[in-house]
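Below are the chains, spelled out letter by letter.
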Amino acid sequence: MAVRDAQVAVVGGGPVGLMLACEVALHDVPVVVFERLPEVEWRPKAEGITGRAVDIMDRRGLMLGVAETPITPPTAEQQTRIDAGERRPDSLLPKEFPGARHFASMFLLRPESPDLLVPQQLLEMDLARRAAELGVEVRRGHTVTGFTPDDDRVRLDVDGPDGPYVMEAEWLAGCDGGRSMVRKLSGVAFPGTDGITTGYRAFAEIDDLDFHLPGWFRKDCGLLVYEEGPPRFITLEFDGPPVNRDAPITLEEFQGSLRRLSGTKVTVTEVKKITRFTDNARQAETYRSGRILLVGDAAHVHSHWSGPGLRLGLGDALNVGWKLAAVARGWCTDDLLDTYTSERHPIGAQTLEIQRASIALMRPGPHVDALRRLLRELLLRDEANHQLTSLIDDLHIGYDMGDPALTGPLVGRYSPDLRLRLADGTVRVAELQRTGRALLLDLGAGPGVRALAEPWSDRVDIVTAECDEPPADALLIRPDGFVAWSTPADPASLPDALARWFGPPAA
């Protein structure tokens, strides 16, 4: 039984696990990823990323060249059929909301940021490419069956293609999904609410392509989504959670759901890809237990409407990745990792509340109908529309980093993607952060501020630039894009901010 050591072990090689591994490896920390599946799984999953997750991809130079595509409103022909009332008990694509983003597939809102409409599998493949470039070892077909933590290491038991073996790591990150083995064995509680729905996502062939108008529709017993070319379906029924989510999904099971929601005798002739889901909503009480970290769905599960899972998980990975690397490199004490829970747990809790609300608004019945009509009226107001869109897309996030009176009004907020003029050309802030390092921007503060940051130059890039209408004379931006310090705070407070987030200065 061989023992193979690593500094950081990541269980789960999906997008969140690979993103975390890349974030840690950007700082020259050895990482091994264990993924039980031998290859990328092509069953229906997320079909794009939205809001802050698009910014995350940009800050790391991922998915470059992929078109940022808004969700489009109905075609003129489809709108004519909708206006005529054809098979439309309650269309979820009302013409008075022509914007691109939607709240829980029900209310279309004005987009605050573009969507990146790409299958999750393509994102996973791009992250795997980046991980390989950074020297991350991804072990596909290797299943972590258990682990034993002690004061300074975690011992992992692994089943590999060539038999069982043991690995020891300093830190273990569970990115292994909603039924996380890492979370369960760590003993972290996972309270929440049970699901009240059963849904299916499917690519399937049917005998009558005109059985129903394409689009999103709220029905007397749930929700029906039908998209043409190739036929794609989502069904959702308020009949409780699946009796057995692990049972194979039969053609007849999906066909029954499609018939009940459409009110037709449509026949499913072939199911090509299908998944079953529900809307249980749970959250780990803490995201850190000693040397164990929970990231993405391992830390929180919820309904998938409006696509929060990838966005939330990628945000988790970006938040904790650089912190874990700083601790592994010996720059910071492990107290820094406690800020992962304090910063991200409230964001996860808020997402669960939004997703519970979205399910509540989908329920059939006259009482919910009244609530939906009221919400439609409210969303005609720009302020309410903007606020809800920001909540859904994680554009509102701010972290508590100290007294704003001392650290500046931008502190704790996501840094604006300023266009900067350097001596050798122009560049955006996002492009400067693709190394995964922190960034001190001197936009007019002068050499004194740069001199204060110089002892941290092994961890912080110091850049002097010009900018039209700079938000501050100087900004300290963490690797995850959030502002940790800015003027008009006293420059003398900059070393304290640098030491708090990046450890003592180099000797």
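Residues numbered from 1 in each chain as written. Predicted model: local features only at pLDDT ≥ 70, side-chain atom pairs only at ≥ 80, totals over all residues. Heavy atoms only, no water.

Caption draft 1: Looking closely at the overall build of the protein. Of regular secondary structure, the protein possesses 14 helices and 24 strands. Buried residues in the protein amount to 54% of all 507 residues. For the protein, the proportion of contacts with a sequence separation of at least 24, taken over those separated by at least 6, is 72%. Surface summary for the protein: the accessible area is close to 21,200 Å², and the carbon and sulfur share equals 52%. (Helix = DSSP H or I, 4+ residues; strand = E, 2+ residues; numbered from the N terminus. Buried < 20%, exposed > 50% of the residue type's maximum accessible area, 1.4 Å probe, protein only. Contact = heavy atoms within 4.5 Å. Areas by Shrake-Rupley, 256 points an atom, 1.4 Å probe, with all protein chains shown as cover.)

Caption draft 2: Examining the side chain of glutamate 124 more closely. Of note, glutamate 124 is situated in helix H4 (residues 120-133). Among the residues examined, glutamate 124 registers a relative accessible area of 6% and is labelled buried. With near-sequence residues (within four places) excluded, glutamate 124 lies in contact with Gly13, Gly14, Pro15, Leu18, Val40 and Arg140.

Caption draft 3: Examining the packing of helix H1 (residues 15-25) against helix H7 (residues 308-328) more closely. Running from N to C, H1 and H7 point in directions that differ by 25 degrees, and their axes come no closer than 8 Å. With respect to H7, the axis of H1 lies roughly parallel. In this structure, H1 crosses over H7, and the sense of that crossing is right-handed. Within the contact between the two elements, H1 uses Pro15, Val16, Met19, Leu20, Glu23 and Val24 and H7 uses Leu310, Gly313, Leu314, Ala317, Leu318, Val320, Gly321, Leu324 and Ala325. (Axes fitted to C-alpha atoms, helices over the stretch in contact; angles between N-to-C directions. Parallel < 35°, antiparallel > 145°, perpendicular 65-115°, else oblique. Left-handed = near helix turned anticlockwise from the far one by under 90°.)

Caption draft 4: How the structure looks around the packing of H7 against helix H8 (residues 338-362). At a minimum axis separation of 10 Å, H7 and H8 run at an interaxial angle of 175 degrees. Compared by their axis directions, H7 and H8 come out roughly antiparallel. Mapping the contact onto sequence places Pro308, Leu312, Gly315, Asp316, Asn319, Val320 and Lys323 in H7 and Thr339, Tyr340, Glu343, Arg344, Ile347, Gly348, Thr351 and Gln355 in H8. For the contact of H7 with H8, the residue count by class is five nonpolar, six polar and four charged. (Nonpolar A, V, L, I, M, F, W, Y, C, P; charged D, E, K, R; others polar.)

Caption draft 5: Quick look at the environment of arginine 500. One can find arginine 500 in helix H14 (residues 494-502). Residue arginine 500 is classed as partly exposed on the basis of its relative accessible area, which comes to 43%. Sequence separation between arginine 500 and alanine 484 is 16 residues; the distance between their C-alpha atoms is 9.5 Å. What arginine 500 contacts, discounting residues up to four positions off in sequence, is Leu336, Asp400, Met401 and Gly402. One polar contact links the side chain of arginine 500 to the main-chain carbonyl oxygen of methionine 401, over a distance of 2.8 Å. (Polar contact = N/O pair within 3.5 Å; in protein donor to acceptor, adjacent residues only side chain to side chain.)

Caption draft 6: Examining H4 more closely. Relative to the 20 Å expected for 14 residues at 1.5 Å per residue, H4 spans 20 Å between its end C-alpha atoms, a close match to the ideal helical length. Listed in full, the buried residues belonging to H4 are Gln120, Gln121, Leu123, Glu124, Asp126, Leu127, Arg130 and Ala131. Where the residues of H4 are buried, they touch H1, helix H2 (52-59), strand S5 (137-140) and H7. Backbone geometry just downstream of H4 places glycine 135 in the positive-phi region, at approximately 85 degrees. (Expected span 1.5 Å × (residues − 1).)

Caption draft 7: Molecular detail of helix H6 (residues 251-262). Relative to the 16 Å expected for twelve residues at 1.5 Å per residue, H6 spans 16 Å between its end C-alpha atoms, a close match to the ideal helical length. Those residues of H6 not exposed but buried are Phe254, Gln255, Gly256, Ser257, Leu258, Leu261 and Ser262. Those residues of H6 hidden inside the fold are in contact with strand S10 (198-206), strand S12 (222-227), strand S13 (232-237) and strand S14 (268-277). Directly beyond the C-terminal end of H6, a positive phi value near 70 degrees is found at glycine 263.

Caption draft 8: Highlighting the pattern of salt bridges. Enumeration according to the criterion identifies 33 salt bridges in this entry. The salt bridge partner of glutamate 237 is arginine 260, with a shortest N-O separation of 2.8 Å. On the criterion of sequence distance, the pair formed by glutamate 237 in strand S13 and arginine 260 in helix H6 is long-range, its members being 23 residues apart. We classify glutamate 237 as buried; its relative accessible area is 6%. Across the salt bridge formed by aspartate 394 and arginine 311, the nearest N and O atoms sit 3.4 Å from each other. Placement of aspartate 394 in the loop between helix H10 (382-392) and helix H11 (404-407) and of arginine 311 in helix H7 is noted, with a sequence separation of 83 residues between them. For the pair shown, aspartate 394 and arginine 311 are each scored as buried. Several salt bridges share partner residues, and in doing so they unite Asp58, Asp417, Arg428 and Arg434 into one network. (Salt bridge = Lys/Arg side-chain N within 4 Å of Asp/Glu carboxyl O.)

Caption draft 9: Region of interest: the sheet that holds strand S22 (residues 460-464). Reading across the sheet, the four strands line up as S22-S21-S23-S24 and stay open at both edges, with mixed pairing between neighbours. Of all strands in the sheet, those bounded by a partner on one side alone are S22 and strand S24 (483-486). Direction aside, the axes of adjacent strands within the sheet are offset by 15 degrees on average. (Pairing = 2+ DSSP bridges.)

Caption draft 10: View of the nonpolar core. Leu156, Leu420, Leu441 and Leu476 are the most contacted members of the largest nonpolar core, which totals 109 residues. Apart from residues no more than four positions distant in its own chain, leucine 476 is found in contact with Leu439, Leu440, Val460, Phe482, Val483, Ala484, Trp485, Leu494, Ala497, Leu498 and Phe502. By size, the runner-up hydrophobic cluster in this structure holds 14 residues, among which are Leu224, Tyr226, Leu258 and Val266. (Core = buried A, V, L, I, M, F, W, Y, C linked by side-chain atoms within 4.5 Å.)

Caption draft 11: Focus on the sheet that holds strand S11 (residues 215-218). Read across the open sheet, the five strands follow the order S11-S12-S13-S10-S14; overall the sheet is antiparallel. Of all strands in the sheet, those with a lone pairing partner are S11 and S14, marking the two edges. For this sheet, the mean inter-axis angle between neighbouring strands, taken without regard to orientation, is 15 degrees. Examined bridge by bridge, S10 and S13 share six bridges and lie antiparallel to one another. By the bridge assignment for S13, tyrosine 200 is matched with threonine 235.

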